[in-house]
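# Chain and residue survey
Here are the chains, one letter per residue:
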Amino acid sequence: MTEKTRSPEFHLAQNALQGLRTDLFHDAFAYRPLPPLSPDAALVQWLPERIRRLAVWFPHGVVLTMAAFTVMVTYAAMSGGYGGNTLVDVVASLIPAVTVALTLVRPVLAWWLSLTATPFLAAAASGGDFPWSPGSFVGHTMVMMVVAARTRPRTAAWMWVLTTLYSFLADSAGGHYGSNSGPLAVVSGVAVALVSLVATNSHTRREVVAERTVTAVERDRRTLLEERTNIARELHDVVAHHMSVVAIQAEAAPYRVENPPPELEQAFATIRENAVIALTELRRVLGVVRAEDYEAPDAPQPTLADIDRLLDNVRGTGLAVEKVVTGAARELPQGVELSAYRIVQEALSNSLRHAPGATARVEIGYVLGGLGLRVVNGPPTELVKPSPGAGHGITGMRERVSMLDGDMTAEPTADGGYEVTVFLPVPVDAPRAADAGGAPKAADAGGVPKAADTGGAPGPAAGPGAPGAAPSSPDSTRTISLDKPAGGHA
């Protein structure tokens, strides 16, 4: 037998009753203290430090002030209508105030106590308005306002519905002519609705700010990972070239010496084997960070020698650029040269985007301990258009500088321009870009340089009369390969 399908109205009513039970019955005695304001809240942020420490308790002060106001209203009404019975007046005046103050720690319980005390306060008022005495009228309305500010709108709606239902049931059973159920329903309904709207708006704003913060953090993290991936791709071409040259020269080195000792051959074979293993591991790691559609560049990776070409291209777009070189120019490690070129390139791109019509200056300083860069541009003289970029060029530059243990500052100048200052440390004994036998060239997709990248190592085409060539006997001929180590080693 198939189960009868429930109507949408039934599910709506079921969900509503479930919400009533969850909001007002489950955990009605739960301890929920009202937290203080954050020191960064807009309400207290502009206050002095000494006052700010006390201002964080402003919500608690408001609730206690409401409780004191309830005491005064209730006592004034009770003493005027009951003939001056001081003890009864004081006790009856404190009950609504206690329920208002109780909302600071147990809001739902405070509402139940306020509703339960209503008939007793009405009886103590004897002859006043029914079913709500002046004290319970003011106190219960304030309790619902505080609870509505501290709970969800559904809870506030259920409180108002049950309060209104009690009012009209008490009217039908009491037989009084001076009923104030209608005024209470209107006043409390408007007050609860306004408080709920304000609380919902504040909660929504906090959620939006939190989501924007998370989105900004994730965007910065994603941009950082993308920049690291780009750096890994570029450095792969640099490292793969040098390791390939090491492997090729290690295999060719024994042929440069007539009758080399076995120990020397074994040493070069071990060098080549380690270089091939390093290349294999480099290819494996690169497969993790390289996209499937990425193609290795055919041209060599740029260096500081290509700065003039970059500046010419930038000048062609309308940016006036001046280059100043201080110190004795020398070749630096390929990673430093590549990062320095990319930093200058990104800084000039930012000048084009954010300072149209300005002039720029590129300073390159060769010092004993490293390389100094300074790219500064003046204020824009033309209308700045919205930039289509991701806005994370500074992040990429910082990542490159951090990779090389350097220092970087990027900040506006006094005249409205922008300045990027970088120092990249270079040890005195660091290998230069050309130490492996010439300027590095781009590696192919597998990480092995092309035929021209042998770094001067003699290949099979070398004639017998060439300097350093291997003997022409058949026994001295060997094919240079990077597929497996020489000498039969695995």
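Residues numbered from 1 in each chain as written. Predicted model: local features only at pLDDT ≥ 70, side-chain atom pairs only at ≥ 80, totals over all residues. Heavy atoms only, no water.

The subject of this paragraph is helix 12 (residues 393-403). Within helix 12, burial applies to Gly-393, Gly-396, Met-397, Glu-399, Arg-400 and Val-401. Looking one or two residues past helix 12, Asp-405 carries a phi angle of roughly 60 degrees, positive in sign. (Buried < 20%, exposed > 50% of the residue type's maximum accessible area, 1.4 Å probe, protein only. Helix = DSSP H or I, 4+ residues; strand = E, 2+ residues; numbered from the N terminus.)

Turning to the packing of helix 4 (residues 86-102) against helix 5 (residues 107-125), a few remarks are in order. It is the contact of helix 4 with helix 5, at a shortest axis distance of 8 Å, that shows an interaxial angle of 165 degrees. Classed by the angle they form, the pair helix 4 and helix 5 counts as roughly antiparallel. Regarding helix 4 and helix 5, the two cross each other, and that crossing is left-handed. Between helix 4, through Ala-92, Ile-95, Pro-96, Thr-99 and Leu-102, and helix 5, the contact on the second element is made entirely by Pro-107, Leu-109, Ala-110, Leu-113, Ser-114, Ala-117 and Leu-121. Of the residues belonging to the contact of helix 4 with helix 5, the class tally is 10 nonpolar, two polar and no charged. (Axes fitted to C-alpha atoms, helices over the stretch in contact; angles between N-to-C directions. Parallel < 35°, antiparallel > 145°, perpendicular 65-115°, else oblique. Left-handed = near helix turned anticlockwise from the far one by under 90°. Contact = heavy atoms within 4.5 Å. Nonpolar A, V, L, I, M, F, W, Y, C, P; charged D, E, K, R; others polar.)

Attention now goes to the sheet that holds strand 1 (residues 320-326). Picture the strands of a sheet paired through backbone hydrogen bonds; they go either parallel or antiparallel. Spatially, five strands are ordered 1-2-3-5-4 in an open sheet, and the strand pairing comes out mixed. Either end of the sheet is taken by a strand with one partner, and the two such strands are strand 1 and strand 4 (407-412). Sheet twist, expressed as the average angle between the axes of neighbouring strands with direction ignored, equals 10 degrees. Pairing analysis gives six bridges linking strand 4 to strand 5 (residues 418-425), with the strands arranged antiparallel. The partner of Glu-411 across the bridge, within strand 5, is Glu-419. Across the sheet, helix 10 (residues 307-316) touches strand 1 and strand 2 (359-367), and the angle it forms with strand 1 is around 160 degrees. Against the sheet, helix 12 makes contact with strand 4 and strand 5, and its axis sits at roughly 160 degrees relative to strand 4, the strand it touches most. (Pairing = 2+ DSSP bridges.)

Within the secondary structure, Thr-74 sits in helix 3 (residues 58-81). At 2.7 Å, the side chain of Thr-74 forms a polar contact with the backbone oxygen of Thr-70. Setting aside chain neighbours within four positions, we find Thr-74 in contact with Ala-92, Ser-93, Pro-96 and Gly-135. (Polar contact = N/O pair within 3.5 Å; in protein donor to acceptor, adjacent residues only side chain to side chain.)

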